[in-house]
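Report on the structure
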Amino acid sequence: MPEDDSISASAYEAQLELLQIELSKLQRHFIACGDKILVLFEGRDAAGKDGSIKRIIEHLSPRETRVVALGAPSDRERSAWYFQRYVAHLPTAQEFVLFNRSWYNRAGVEKVMGFCTKAQHAEFMQSVLPFEQMLVDSGIKLLKYYLDISKSEQKERLEDRRRDPLKQWKIGAVDTVALKHWKAYSAARDEMLLHTHNAVTPWSVVRADNKRLARLNLIRDLLSRLDYAGKDVDLVTPDPEIVFEFSADALADGRLAR
């Protein structure tokens, strides 16, 4: 699928390399300091979570970097405390952990597809912020990103997956009905952001129709939010038209896809 011509492939690669050097600086710093970093990636199917995560971890030490992408819960996991299976994957000292979808699955896919009850969804919405507060109080640095794409862009990307034999693994039962449930997913997204955005663990929204600009600015925003030695402040300043901290105004002013 052709990329938007607002940034050339060569300019994208050059900027990405500089940002990946900054990520290496960040890793050296948090290993030395024993920091625990956790980043959550949420968004509709085909929003670009996989590609963004791939560029973030590409040149980082695999020993201290983990990507967590959990499948459907087992019968045993469904009978346990909802957050229990996620707790096992939380970062310890010196670790950088990225969740490709997280406990917020309950606020999105599970709610829309009927994989949880209304009572389970309500309980989640009530308990998720106290849970995240506990994580922060324990010393975990928690960042939350929602990658937002338009309906037309999602349609094009899902069709590209079906055509590309190298992307067949990305196609699942939920993907096939993603467009059918567009409005329901929009409503679930809005409710999730409104009720779980807060000063301690705020949501950052990435306007992700342009993959290259979304990846670059997501990385910039991530780097800008974490302290590390030798940071190039100018380099890691994101474009506020692409990445911004969520506010209720974004639901009405056109910054979130409808």
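What comes next is a walk through the structure. Computed from a predicted model, the values in this text were never measured in an experiment.

1. Some points on the overall build of the protein
- For the protein, the count of helices and strands is nine helices and six strands.
- Taken over the C-alpha atoms alone, the protein extends approximately 50 × 45 × 40 Å along its principal axes.
- In the protein, which comprises 258 residues, the proportion classed as buried is 49%.
- Sequence-distant contacts in the protein: of pairs separated by 6 or more residues, those separated by 24 or more amount to 78%.
- Just so you have it, the protein exposes about 12,500 Å², and 53% of that area is on carbon and sulfur atoms.

2. Re the side chain of Asp 148
- For Asp 148, the position within the fold is in strand β4 (residues 140–148).
- Of the polar contacts made by the side chain of Asp 148, one reaches the backbone nitrogen of Ala 257; its length is 2.7 Å.
- Asp 148 has contacts with Arg 189, Val 205, Val 206, Arg 207, Ala 208, Asp 209, Arg 255, Leu 256 and Ala 257, leaving out every residue within four places of it along the chain.

3. Digging into unusual backbone geometry
- With a phi close to 75 degrees, Ala 46 is a non-glycine residue in the positive phi region.
- Of note, Ala 46 is situated in the loop between β1 (36–43) and α2 (49–57).
- The backbone of Arg 101 shows a phi angle near 75 degrees, a positive value even though the residue is not glycine.
- Tracing the chain through its elements places Arg 101 in the loop between β3 (95–100) and α5 (109–113).

What counts as what
- Residues numbered from 1 in each chain as written.
- Predicted model: local features only at pLDDT ≥ 70, side-chain atom pairs only at ≥ 80, totals over all residues.
- Heavy atoms only, no water.
- Helix = DSSP H or I, 4+ residues; strand = E, 2+ residues; numbered from the N terminus.
- Buried < 20%, exposed > 50% of the residue type's maximum accessible area, 1.4 Å probe, protein only.
- Contact = heavy atoms within 4.5 Å.
- Areas by Shrake-Rupley, 256 points an atom, 1.4 Å probe, with all protein chains shown as cover.
- Polar contact = N/O pair within 3.5 Å; in protein donor to acceptor, adjacent residues only side chain to side chain.

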